[in-house]
Amino acid sequence: MNKRTLVSLALLPFLASSALADKVVNIGFSGPLSGGAAFYGKDTQSGVEMAIAELNRKGIRVKGEKVTFKLVSLDDRYLPNETATNVKRMTSQDINIIFVPHAGGILTVQPMTTRDNFLLVAYSSEPKILEANNPLTFMLPPRYDNYLQPFTATQMKAFGKRLGLIGTTSAYGKQWTDAITAEWKKQGGTIGRDNGVDYATTVDYSSAVTKALAEKPDVLFVGGPSQPTALVIKAAREQGFKGGFIVMDQAKFEQMDTLIPAAYLNGSVGVLPTKEFPGTGIFISQYQKAYKKIPTSEAALNYMGMNVIARAMELAGTTSDPKAIKAKLDDAAKSLPLSRTVYKLMGVTDNGHVDAEFIIASVKNGKYTKLRVPKVFK
């Protein structure tokens, strides 16, 4: 037997194991993992990460081939230009599923989807994401314009018609501020000056709160990531504000009440905590075991989104064709059990929007009153 034959025989076990190795599919994530919005970014990232860990344990097959997922995360510091840089870097490495959890970044990279051939998984409730009619966008949360009418009507009835504005000044925050301003005026209310601040960089909110309260508002509009939003509410209560809050959907009650006295949130309206939705117990217990913290919709919807994508890959028979995967999202969503979708999920619309139940709530004495509202926009 010659040396070449011996070398060939020695390589056989390695070649056999390589042939049996799983196909590794990289999933991209570009979000704020440092700075003022880092908690928010890491919450969205954790949902994708948890889903991938479960999928890899259970194992999925696409066209008969076993697939393992790997999450590739890049920090964009909540800056849209850095989101674009990150996405270019990932698509150059043939990553064709990319999660982005903020409106500014999403709207910046949407035009790149068809050119660079990737499916953009958008975690933001900004309506402009859908209005772009982008064929390769998969949007996870409900549109925030569904919240405007019930938030306004509830708080006007409870507190009065003067609204103060202290929202975050991100692209998403500015859109929310404009929208709530228009709805408040539509329902006969008056608006104070816009005292918005950058929640990602501001440390002391007392000055902005003082300016807003000088106009004697009945209700304050606040919101951005949960942690700084809690500090805005704290500053308002400690300066003597007794009125109500309209809380932008990005901020979550279940996170804020771990940072400030629960009584400070009385009189607020916002998104119902994930733990209050029926059927979420399994997800919550698994998440808390893995991450030692309370899951919000940031984690839950991104967990659901990754599971829907994996199922769509199975149905489409491909891990590398974003258009084929997008075409199977509705069938995938309808075929997943509640344990993997978290919320009641009806499907995915033709324009790539998750069709799921959404519930808002008002807070009184630490308890949530559910306010079910039919969707005006899908």
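Nothing here was measured: the structure is a model prediction, and the numbers come from that model.

Draft legend 1. Molecular detail of the pattern of salt bridges. Following the criterion strictly, the structure yields 12 salt bridges and no others. The partner of Asp218 in a salt bridge is Arg162, with the nearest N and O atoms 3.3 Å apart. Placement of the pair is Asp218 in the loop between α9 (206-213) and β9 (219-223) and Arg162 in strand β7 (residues 162-167), with a sequence separation of 56 residues. You can call Asp218 buried: its relative accessible area is 16%.

Draft legend 2. Region of interest: the sheet that holds strand β2 (residues 60-62). Strands sit in the order β2-β3-β1-β4-β5-β6 across an open sheet of 6 strands; the sheet is mixed. Where the open sheet ends on each side, the last strands, each with one partner, are β2 and β6 (137-139). Along the sheet, successive strands turn relative to each other by an average axial angle of 35 degrees, direction set aside. Pairing of strand β5 (residues 119-122) with β6 involves 3 bridges; the strand directions are parallel. When the bridges of β6 are listed, Ala122 appears paired with Met139. This element, helix α2 (residues 38-58), spans β1 (23-31), β2, β3 (65-75) and β4 (97-100) of the sheet and lies at about 165 degrees to β3. Sitting on the sheet, helix α3 (residues 80-91) is in contact with β1, β3 and β4, with an inclination near 150 degrees to β3.

Draft legend 3. Representation of the UniProt feature "domain: Leucine-binding protein" (unreviewed entry) in the chain within the structure. UniProt annotation of "domain: Leucine-binding protein" (unreviewed entry) refers to residues 25-366 when read in the numbering used here. Within the segment residues 25-366, helix and strand shares are 45% and 20% respectively, and the terminal C-alpha atoms sit 44 Å apart.

Draft legend 4. Local environment of unusual backbone geometry. Positive phi outside glycine occurs at Lys63, with the angle close to 55 degrees. Structurally, Lys63 is set in the loop between β2 and β3. In this structure, Asn117 takes a positive phi of about 60 degrees despite not being glycine. Mapped onto the secondary structure, Asn117 falls in the loop between α5 (112-116) and β5. You can call Asn117 partly exposed: its relative accessible area is 36%.

Draft legend 5. Fine view of the environment of Asn133. Of note, Asn133 is situated in the loop between α6 (128-131) and β6. Classification of Asn133 as exposed rests on a relative accessible area of 61%. Remark: the alpha-carbon pair of Asn133 and Phe29, spanning 104 residues in sequence, is separated by 22 Å.

Draft legend 6. Spotlight on the packing of aromatic side chains. What the rule picks out here adds up to 14 aromatic pairs. Ring geometry for Tyr144 and Tyr172: centres 5.9 Å apart, planes at 80 degrees, overall edge-to-face. Placement of the pair is Tyr144 in the loop between β6 and α7 (145-159) and Tyr172 in helix α8 (residues 171-186), with a sequence separation of 28 residues. The burial state of Tyr144 is the same as that of Tyr172; both residues are buried. Measuring from centroid to centroid gives 4.9 Å for Phe283 and Tyr303, while their planes differ by 50 degrees, and the two rings are tilted. Remark: Tyr303 occurs in helix α13 (residues 297-316) and Phe283 occurs in helix α12 (residues 281-291); sequence separation between them is 20 residues. Each member of the pair Phe283 and Tyr303 is classed as buried.

Draft legend 7. Here's a closer look at the environment of Thr44. Looking at where Thr44 falls in the secondary structure, it is placed in helix α2. Separated by 215 residues in sequence, Thr44 and Leu259 place their C-alpha atoms 19 Å apart. Setting aside chain neighbours within four positions, we find Thr44 in contact with Phe29, Pro101, Tyr123, Glu298 and Asn302.

Draft legend 8. Spotlight on the nonpolar core. One finds Phe69 and Phe138 to be the most contacted residues of the largest nonpolar core, which totals 79 residues. For Phe138, the residues in contact, after removing those within four places along its chain, are Leu119, Leu120, Val121, Ala122, Gly305, Val308, Ile309, Leu329, Val348, Gly352 and Val354. Grouped together as the second largest cluster of nonpolar side chains are 21 residues, Tyr147, Leu163, Ile180 and Ile246 included.

How each quantity is defined
- Residues numbered from 1 in each chain as written.
- Predicted model: local features only at pLDDT ≥ 70, side-chain atom pairs only at ≥ 80, totals over all residues.
- Heavy atoms only, no water.
- Salt bridge = Lys/Arg side-chain N within 4 Å of Asp/Glu carboxyl O.
- Helix = DSSP H or I, 4+ residues; strand = E, 2+ residues; numbered from the N terminus.
- Buried < 20%, exposed > 50% of the residue type's maximum accessible area, 1.4 Å probe, protein only.
- Pairing = 2+ DSSP bridges.
- Axes fitted to C-alpha atoms, helices over the stretch in contact; angles between N-to-C directions.
- Contact = heavy atoms within 4.5 Å.
- UniProt positions renumbered as here; feature names shortened; annotations may be inferred.
- Phe/Tyr/Trp six-rings, centres within 6.5 Å; stacked < 30°, edge-to-face > 60°.
- Core = buried A, V, L, I, M, F, W, Y, C linked by side-chain atoms within 4.5 Å.

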